[in-house]
Amino acid sequence: MEPVIVVGAGPVGLALALALSRHDIPCVVLDEGSWKDEERLARTAVLRADTASWLERLTGAALSAPTGVPGPAPARAEPRGRGPAAVARAALPAASPITQGDTRAAGLRWSGWRLMRRKQTVRHIAFGEDDVAAGGARSRTGEPFAAPLHIPQHGLVVALRRALIGSPLVTLVADSRVVALEQDADGVTVRTRGAGGNWWRGSHVVGCDGPRSTVRKLIGVRFPGRSGLERHAVAALRAELPHSGEALLHRSPPWRGASPEIAARPLPDGAWRLDWLLPAEGDLVTPDALVARVRETLAGWCGGETPPYELLDTGVYTVHHRLARSWRVDRAFLAGDAAHLVGAVGTQGLDEGLRDVRNLAWKLAAAARGEAGPGLLDSYQAERLGAVAARLRAADQSLPILRGGGLLRELVPGTARGHESLLSDAHLGDGPLGAPPSYARSPLAPRVADTAVAVGTAPGVPVADVLAMGEDGASAPLSARLGRGAFLVLLIAPGTGVWDARHWRTAGIMPRLAAAVDALPCRAVLLVAEGYPGAAAHTVLLVRPDGHLVTALHGVQPAALYGAADAANGGAGAPGDDANGPDGAADGRAAAEDDAYGDDPDGAYGAEPGGAYQDEAEPGNGHRKDAEPRGRYGDEGADVPHGGRHEDAPSRDVRSAPALGPAPHDQPPAPRRGESSAREGAASGTRRDTETRRLTIRPGGE
């Protein structure tokens, strides 16, 4: 089995490699960096609760510790199989640059979230509380809010690298700059230069190499969007602040000269990350100006006097919104920041990138094993591009309301409450700005059977994490059985707890259901549960390997179950087959763009009166005159940038791609499916932006 080639060793690339290894799929991770990451507490990521739990299951490590001290990590499950001899074993010492020695990987799950306007607390959420009187609250779906995970990005990268140590299925290659990519009917060939320079052969290639993606350029995909939507100053510090363990969003603070919006997010060991919203066209932030902001903010929150504090890290970042026009070209895919940039009004780009991984990993694994239907790989773009485009549209539509409209807020009663609702959605993971995606309109969605029934989860939405029992008699949360490449067939059978596992396949309707599961066109595991929200007894749920509900049926219906499983696996019976291209594969690009962009032929993800969308491959090289910061601090889902200076071209016939840097608007279109793609690109040197460098502040020099 040929490996999957992953380009980029940031959180998204490493998570994809680890997820593939859990499916027994070999992979090679190529990265331009040396993996000697600098610890940056001003560069953090906020992950939704379901994403954080998935990462903990994937890595086998605890990523959060309430007291700031990492707790004992659960034992990591060993891979079930071994890769081919051609894939080198990644035998890395515990204190290598890859694992950063004893660098802490722990983040913090917040105890609550607080929204303030001037001196008033407008909304307070206590995570883990069901009682509204005690501060608990429920989302729009009726579920209690779960605490997100706030983690330094370098710690997350180290945790993922440590999980890959010793895997016989993963080869990690540092100091390898991708300069050429060729595709044919059987696989892909990637050429790299640097210390690990070589030709690499694989079944597929996935570009997880950040906003200046080399892979995206080599496959000729454009990256339109909007630059400079928001600008923030950041400081990480250690201090005793009110409401310990709770995140705070403070709008219109009452002290003079305050930023219109300040966010405080707790980290382990009493550390905090503070963000100040800056004017989009403002001056550069100097160290002295940032220290002044720190002092006045702490004084405003602590009764007028600045408490003792230790400044740990600082920076400035700018938010951009961009969306790649295509996420798949033949055997090449894009994920994470290479495919999208998200980050305004509290949206989380890294969280979206990890959702890309959850969606793509099981599909690549099924394709590698020869189990995927003809439309399965195309569904990645249709589902994820549509979901991220919807998120971007929601954020773009919220920006004029939240960042302007002072007169509107004064004249229209209730407008401020509407603002607070929008901000709550983004920061709490609810509504269009933050809720987990639904794939109800996916090309994998089966035709609705006459016998389908409604349950508490709509088709296409992640399932509830109920306790389920397997054929071995062991009970575990449903989430613990996901990510293994198999569909789940869940029978709702009250009284399951008293069953003897030896009689599993002989009780009630189980023999017929077990036979129906064995006959499915894809791998499936049969489970039973005492109950499920909104489901009656003998309801049968079909769940995808990534946890999204396919359908719910009443009783044993072999034909309907088979059809739903075949459609969800990209089989010939999947809806939308009339949109297939000339080679029989669904044209996911056209379908996804029609769905994501509506009637906009240019592919902009929403109405933009000012026409500021730029159809270009580089963020920040458009109509705006202000420099685009290179450094980004996790909330936008930054991956490790990949690229460098091109030195010479290979002797074989390859097509040159535009150089990294100011990109022309006349990039070649992506090749049609079935054509061989062979392109080589040049990577420019890194741009220097004074504003995005760490602000150097000497201790005691305030």
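Keep in mind that what you see is a predicted model, and the values were worked out from it rather than measured.

A few words on the nonpolar core. Counting 77 residues, the largest nonpolar core has L47, L55 and V206 as the members making the most contacts within it. Among the elements that line this core, the one with the most residues is helix α1 (residues 11–22), at eight residues. Not counting residues up to four positions away in its chain, the partners in contact with L55 are L47, L63, L156, L160 and L354.

Take the sheet that holds strand β20 (residues 340–341) next. Spatially, β6-β5-β14-β15-β16-β13-β17-β20 is the arrangement adopted by the eight strands of the open sheet, whose pairing is mixed. Of all the strands in the sheet, the pair left with one neighbour each is β6 (120–126) and β20. Judged from the six bridges that link them, strand β5 (residues 112–117) and strand β14 (residues 246–251) form a sheet pairing that is parallel. Paired with G112 across the strands is E246, a residue of β14.

Here we come to the packing of aromatic side chains. Tallied over the entire structure, the rule returns three aromatic pairs. Their ring planes at 55 degrees and their centres at 5.8 Å tell us that W327 and Y380 sit as a pair that is tilted. Taken together, the positions of W327 in the loop between β17 (309–323) and β18 (328–329) and Y380 in helix α7 (residues 376–403) put the pair 53 residues apart, joining distant regions of the chain. Here the two residues W327 and Y380 agree in accessibility, since each one is buried.

Geometry of a packed helix pair, given as the angle between the helix axes and the separation of the axes. Their axes nearest at 9 Å, the elements α1 and helix α6 (residues 349–368) cross at an angle of 30 degrees. When the interaxial angle is binned, α1 and α6 end up roughly parallel. Crossing handedness for the pair α1 and α6: right-handed. Here P11, V12, A15, L16, A19 and L20 of α1 come into contact with α6, specifically with L350, G353, L354, V357, A361, L364 and A365. Here the contact of α1 with α6 is built from residues that sort into twelve nonpolar, one polar and no charged.

Turning next to the pattern of salt bridges. Applying the stated criterion across every chain yields a total of 22 salt bridges. Connected via shared salt-bridge partners are D50, D351, R355 and R358.

Moving on, we get to the pairing of strand β3 (residues 44–47). As a general feature of sheets, a regular strand has side chains that alternate between the two faces. Burial of the side chains of β3 extends over both faces: T44 and V46 are buried on one face and A45 and L47 on the other. Pairing geometry for β3 and strand β7 (residues 149–152), over four bridges, is antiparallel. The residue of β7 that forms the bridge with A45 is I151.

Now for the confidence of the model for the chain. Looking at the chain as a whole, the pLDDT averages 77, with 71% of positions reaching at least 70. Low pLDDT, under 50, characterises residues 67–97; the predicted model gives this stretch 68 contacts beyond four residues in sequence or across chains. Taken together, the stretch residues 407–414 has pLDDT below 50 and engages in five contacts with residues farther than four places along the chain or on a different chain.

Cut-offs and rules
Residues numbered from 1 in each chain as written. Predicted model: local features only at pLDDT ≥ 70, side-chain atom pairs only at ≥ 80, totals over all residues. Heavy atoms only, no water. Core = buried A, V, L, I, M, F, W, Y, C linked by side-chain atoms within 4.5 Å. Buried < 20%, exposed > 50% of the residue type's maximum accessible area, 1.4 Å probe, protein only. Helix = DSSP H or I, 4+ residues; strand = E, 2+ residues; numbered from the N terminus. Contact = heavy atoms within 4.5 Å. Pairing = 2+ DSSP bridges. Phe/Tyr/Trp six-rings, centres within 6.5 Å; stacked < 30°, edge-to-face > 60°. Axes fitted to C-alpha atoms, helices over the stretch in contact; angles between N-to-C directions. Parallel < 35°, antiparallel > 145°, perpendicular 65-115°, else oblique. Left-handed = near helix turned anticlockwise from the far one by under 90°. Nonpolar A, V, L, I, M, F, W, Y, C, P; charged D, E, K, R; others polar. Salt bridge = Lys/Arg side-chain N within 4 Å of Asp/Glu carboxyl O. pLDDT = per-residue confidence, 0-100.

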